[in-house]
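Examination of the molecular architecture
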Amino acid sequence: MSANTRVVRNATCTFCGCVCDDMHLTVDDDTHKIVKAENACVLGRAWFKEHGIEQRPQALIEGREASTEEAIEAAARILADARFPMIYGLSDTTCEAQRQAVAIADMIGGNIDTTTSVCHGPSGMAFQAVGESTATLGEIRNRADLVIFWGGNPAESHPRLFTRYSVTAKGMYIPNGKKDRTVVLVDVRRTPSAAVADIFVQVKPRRDFEVLWALRALVKGRHVDPAIDQLTGVPLATLEDLAARMKACRFGALMFGMGLSMTRGRHFNSGALLALASDLNQYTHFVAKPVRGHGNVTGADNVVSWQTGFPFGVNMSRGYPRFSPGEFTTVDVLSRGEADAALIVAADPGSNFPQAAIDHLRRIPVIVLDPKETHTSRLAKVAITTSTYGINVGGTVYRMDDVPITLRPALPSPYPSDESVLKRIRERVGELIGGKRIPAMERIGVAA
Amino acid sequence: MSETMILIGGRSSSQGTSLCAGKLGTEYVEVSSTLEMNVEDMARLGLKDNDRVRVRSATGEIVVRCKGRAAKDLPSGLLFIAYGPLSSALMDGDTAGSGMPLSKNIEVQIEPVA
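Residue indices follow the written sequence of each chain, beginning from 1 at its first position. Think of it this way: whatever chain is written first is A, whatever ligand is written first is 1, and the rest follow in order. Reporting of local features is limited, given that this is a predicted model, to residues whose pLDDT is at least 70; pairs of side-chain atoms are given and counted only at 80 or more, and all residues count toward the totals for whole chains, interfaces and linings. Side-chain measures were taken over the full set of non-hydrogen atoms in the model, leaving aside hydrogen atoms and water.

1. Topic: the overall build of chain A
Looking only at helices and strands, one finds 19 helices and 19 strands in chain A. For the radius of gyration, the atom set is restricted to C-alpha positions; the globular benchmark scales as 2.2 Å times the number of residues to the power 0.38. Against the 2.2 N^0.38 benchmark of 22 Å for 448 residues, chain A shows a C-alpha radius of gyration of 23 Å, consistent with a compact globule. Oriented by its inertia axes, the alpha-carbon framework of chain A measures out at about 70 × 65 × 30 Å. Burial analysis of chain A (448 residues in total) assigns 61% to the buried set. In what follows, a contact means two residues having at least one pair of non-hydrogen atoms within 4.5 Å. Within chain A, counting contacts between residues at least 6 apart in sequence, those at least 24 apart form 68% of the total. Where accessible areas are quoted, they stem from the Shrake-Rupley method and a 1.4 Å probe; at the residue level, only the protein chains shown are allowed to cover. For chain A, the accessible area works out to roughly 16,600 Å², and carbon and sulfur atoms hold 49% of it. None of His or the chain ends enter the tally, which takes Lys and Arg as positive and Asp and Glu as negative. Just so you know, the charge point we use is NZ for Lys, CZ for Arg, CG for Asp and CD for Glu. The centroid of the 51 positive side-chain charges in chain A is displaced by 3 Å from the centroid of its 48 negative side-chain charges. Here a helix means four or more residues in a row that DSSP labels H or I, a strand means two or more in a row labelled E, and each is numbered from the N terminus. Between buried and exposed lies partly exposed: a residue is buried under 20% and exposed over 50% of the maximum accessible area for its type, with that area taken using a 1.4 Å probe on protein chains only.

2. Observations concerning the packing of aromatic side chains
Residue and element names in this part refer to chain A. Stacked, tilted and edge-to-face are the three classes assigned to paired rings of Phe, Tyr and Trp, where Trp is represented by its six-membered ring and a pair needs centres within 6.5 Å; plane angles under 30 degrees give stacked, over 60 edge-to-face, the rest tilted. Taken as a whole and judged by the stated rule, the model has seven aromatic pairs over all chains. Ring geometry for phenylalanine 209 and tryptophan 213: centres 4.8 Å apart, planes at 20 degrees, overall stacked. Taken together, the positions of phenylalanine 209 and tryptophan 213, both in helix α8 (residues 208–219) and four residues apart, correspond to about one turn of that helix. Note on phenylalanine 209: relative accessible area 27%, which makes it partly exposed. Classification of tryptophan 213 by relative accessible area gives partly exposed; the value is 43%. A ring pair is formed by phenylalanine 312 and phenylalanine 323, whose centres lie 5.4 Å apart and whose planes are at 90 degrees; its orientation type is edge-to-face.

3. Regarding the interface of chain A and chain B
How big an interface is tends to be reported as the loss of accessible area on association of its parts. Taken together, the contact between chain A and chain B spans 49 residues of the former and 40 residues of the latter. In this description, buried area is defined as the sum, over both parts, of the accessible area (probe of 1.4 Å) that is lost when the two are combined. Across the interface of chain A and chain B, roughly 3,700 Å² is buried in total on both sides, 59% from carbon and sulfur atoms. Among the residues chain A hides against chain B, the three largest losses belong to Arg189, Met262 and Arg266 of chain A. Together they make up 19% of the total. Put simply, a salt bridge is a Lys or Arg side-chain nitrogen that is within 4 Å of an Asp or Glu carboxyl oxygen. Taken together, chain A and chain B are joined by one salt bridge.

4. Considering the nonpolar core
Residues and elements named next belong to chain A. Buried residues of nine kinds, namely Ala, Val, Leu, Ile, Met, Phe, Trp, Tyr and Cys, make up a nonpolar core once their side-chain atoms join them within 4.5 Å. Core analysis: the biggest nonpolar cluster contains 50 residues, and Phe48, Ile140, Phe149 and Leu161 have the highest contact counts within it. For this core, the element with the highest residue contribution is helix α1 (residues 42–49), accounting for four residues. Sequence-distant contacts of isoleucine 140, defined by excluding residues within four places in its chain, comprise Ala135, Tyr165, Ser166, Arg181, Phe251, Ala253, Met255, Val287 and Lys289.

5. Details of empty space enclosed by the protein
Points on a 1 Å grid over protein atoms alone make up a cavity when a 1.4 Å probe fits among them but cannot get out, and a pocket when they form an open set with protein on both sides within 12 Å along at least five of seven lines; lining residues each have an atom within 4 Å of a point. Grid points are joined across faces, edges and corners, and a volume is the space filled by probe spheres set on the points. Considering all chains together, one arrives at six cavities of 30 Å³ or more under this definition. The space that makes up the largest cavity amounts to roughly 950 Å³. Surrounding the largest cavity, 46 residues form its lining, Asp92, His294 and Asn352 of chain A together with Leu19 and Lys23 of chain B being those nearest its centre. Elements with a contribution of two residues or more to the lining of the largest cavity: α15 (349–352) of chain A together with β1 (3–10), α1 (13–21) and α4 (85–88) of chain B. Ranked by the residues each element gives to the lining of the largest cavity, the list is headed by α1 of chain B, at three residues. Charged means Asp, Glu, Lys or Arg here, nonpolar means Ala, Val, Leu, Ile, Met, Phe, Trp, Tyr, Cys or Pro, and polar covers whatever is left, Gly included. Taken together, the residues of the lining of the largest cavity sort by class into 21 nonpolar, 17 polar and eight charged. What the second largest cavity holds in volume is close to 400 Å³. Lining the second largest cavity are 29 residues, with Gly151, Gly152, Asn153 and Met258 of chain A together with Lys104 of chain B positioned closest to its centre. Going through the elements one at a time, β8 (146–150), α6 (154–157), β11 (251–256) and α11 (258–261) of chain A together with β1 and β6 (104–112) of chain B are the ones with two or more residues in the lining of the second largest cavity. Residues belonging to the lining of the second largest cavity are distributed by class as follows: 11 nonpolar, 12 polar and six charged.

6. Points about the side chain of threonine 12 of chain A
Residue and element names in this part refer to chain A. Examined against the element boundaries, threonine 12 turns out to sit in the loop between β1 (5–11) and β2 (23–28). The class for threonine 12 is buried, based on a relative accessible area of 0%. In contact with threonine 12, other than residues within four places in its own chain, are Val19, Cys20, Asp21, Met23, Phe48, Gly390, Ile405, Thr406 and Leu407.

7. Some thoughts on the domain arrangement of chain A
All names here are of chain A. Each domain of chain A was delimited in the assignment, giving domain 1 (5–50), domain 2 (59–119 + 295–433) and domain 3 (121–290). Start and end points for every domain follow an automatic or database-based domain assignment. On a C-alpha basis, the centroid separation for the pair domain 2 and domain 3 is 33 Å. Tallying the contact residues gives 13 residues for domain 2 and 16 residues for domain 3. For the pairing of domain 2 and domain 3, the buried interface totals around 1,000 Å² over both sides, and the portion due to carbon and sulfur atoms is 62%. Together, Cys119, Met400 and Asp401 form the three largest contributors to the area buried by domain 2 at its contact with domain 3, with a combined 49%. Applying the counting rule to domain 2 against domain 3 returns one salt bridge. Its salt-bridge partner being aspartate 402, residue lysine 289 comes within 3.7 Å of it at the nearest N-O pair. Under the rule applied, a polar contact is a pair of N or O atoms within 3.5 Å (in protein, one hydrogen donor and one hydrogen acceptor; residues adjacent in sequence only if both atoms are side-chain atoms). Run the count over domain 2 and domain 3 and you get four residue pairs in polar contact (both at pLDDT 80 or more).

8. So, the pattern of salt bridges
All names here are of chain B. Following the criterion strictly, the structure yields 35 salt bridges over all chains and no others. Of the charged contacts, one joins arginine 54 and glutamate 61 as a salt bridge, the two residues approaching to 2.9 Å between their closest N and O atoms. Here arginine 54 falls in the partly exposed class, since its relative accessible area comes to 23%. Using a relative accessible area of 44% as the deciding quantity, one classes glutamate 61 as partly exposed.

9. Quick notes on the environment of glutamine 58 of chain A
Residues and elements named next belong to chain A. Note that glutamine 58 resides in the loop between α1 and β4 (59–61). The spacing of glutamine 58 and glutamate 70 is 12 residues in sequence and 9.9 Å in space, taken between C-alpha atoms. The residues touching glutamine 58, leaving out its near neighbours within four places in the chain, are Ala66, Ser67, Thr68, Ala383, Ile384, Thr385, Pro414, Tyr415 and Pro416. For glutamine 58, the side chain forms a polar contact with the side chain of threonine 68, separated by 3.0 Å.

10. As for helix α4 (residues 121–130) of chain A
Because an α-helix completes one turn every 3.6 residues, residues spaced three or four positions apart along the sequence face the same direction. Residue and element names in this part refer to chain A. Along α4, the residues that are buried comprise Gly121, Pro122, Ser123, Gly124, Met125 and Ala126. Tucked inside the fold, the buried residues of α4 contact β11, α11 and α12 (266–280). Just downstream of α4 lies glycine 131, where phi reads positive at about 95 degrees.

11. Quick word on the packing of α8 of chain A against helix α10 (residues 236–248) of chain A
All names here are of chain A. To obtain each axis, a line is fitted to C-alpha atoms, and for helices this fit is confined to the stretch in contact; angles are then taken between N-to-C directions over 0 to 180 degrees. Following both chains from N to C, one finds α8 and α10 inclined at 60 degrees, their axes separated by 9 Å at the closest point. Our classification of the angle between α8 and α10 gives oblique. Along this stretch, α8 crosses α10, giving a crossing that reads as right-handed. In contact with Val211, Ala214, Leu215, Leu218 and Val219 of α8, α10 contributes Leu236, Leu239, Glu240, Leu242, Ala243, Met246 and Lys247. Of the residues in the contact of α8 with α10, the class split is 10 nonpolar, no polar and two charged. Here is the rule for angles: anything less than 35 degrees is roughly parallel, anything more than 145 is roughly antiparallel, 65 through 115 is roughly perpendicular, and the remaining ranges are oblique. Handedness of each helix crossing follows the sense of rotation of the near helix against the far helix: counterclockwise by less than a right angle gives left-handed, clockwise gives right-handed.

Here it is, written out as structure tokens:
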């Protein structure tokens, strides 16, 4: 560490959906690195340590170094020429950048989807079907005397969810923290999160729905066949005890992870949990919250929702938004070989997607905005280096409980923000196509 | 000798910290290519830590190194791998109309690699 350091207080970590806004960052202006992140968890420390200023090209076009301006021009031409362009990612960037991406999709009649579709997208579908008894993390911190983590491992994925909000945190009506709460973990394996749990319930893989449905029955005083033990691996007595605790608590919280949304049953699993929380409100106060992964995936849901009416998997090709998971979600669009161009912002489908989808990404022109080199940037026709949100650029992100938080950047970057690049792409595409692309509407009119 | 098991993809602390350094970095590649396996299952298949195993789903096939986990932490028949390009290679592109490919509780065949 050089002598040329300064401290930025109350900065925000955007690694995960906790979006902790109490970081005190020590910045070394000689090495252009953050050398200390007070209050950060192990993931936050790595996030700040590894996002110093790197020597990367401003942009690459077909592997050749280029200026940001040249890359914006190339990107705009790809999007203007495409017949089925898709935009994807957006969960690790600011709401301001997300707004620009939605505007581009609207203008070009494209498909817009976020990493929500491969995260809690099924839970989003369940919200629409079942509803959501919700709360902020502050309410959970201050009131929850029963916290049930289901299908997630926050000890490794969201470490400060325990200490800041839901387990050891002391609150207004939980003055003694952990001593005043009962913590339950439900999962198919004993993860490190089990260490904080008073009760660990181990479910057989793919049997979460059955356990949730049995709990709904027990909460309502209905009979449940003791054979549930053989089916789910959970004895009836354990379920009866859990149901009784749920009804008897003052404020209960179900915090669920992708152990529900990424396994067989998907939105039915999430829906069963949300319905259980709703049922319990006949007896006490109960809420359910999905534990969200990326730093602004919740913002992506909010921005896409307020601009199109739907949270993800939206298609604008008819000139108005249509929502259809399975049809307009990115894995499906790519696996079926439909899109003919892709704009990927702050995401790495080249690493995270099924092979059929990656194969199609290799066949079409791909534009990537990312601070780092990724599997997707390597296959991209145009790769633009951008600055890191929360560290280099300010803006707004949404915490996993839909609370917007203003970012406080600490380290100047020579690279532009996602927002500024997307804004310039939007403006240039507008010039190339002469305004909003309405021909798709006209074609439908002719066909009709 | 191959056996049918259930594979869970997921996050881990080391996956998260190495992710920050970059997915192309050595540590991330190593973390995301290590398969955690019940120690009794490993013994039955004649495997020890760092041995190579082939994991095959209906969609794809990968070869990774295995690492033992106590039976209390990982029940017999369950496998865990941190998310990464290798775990993705086992996912099917069909999302059953949901947008979400199954990435947890995937049925796989597992066998030692000589």
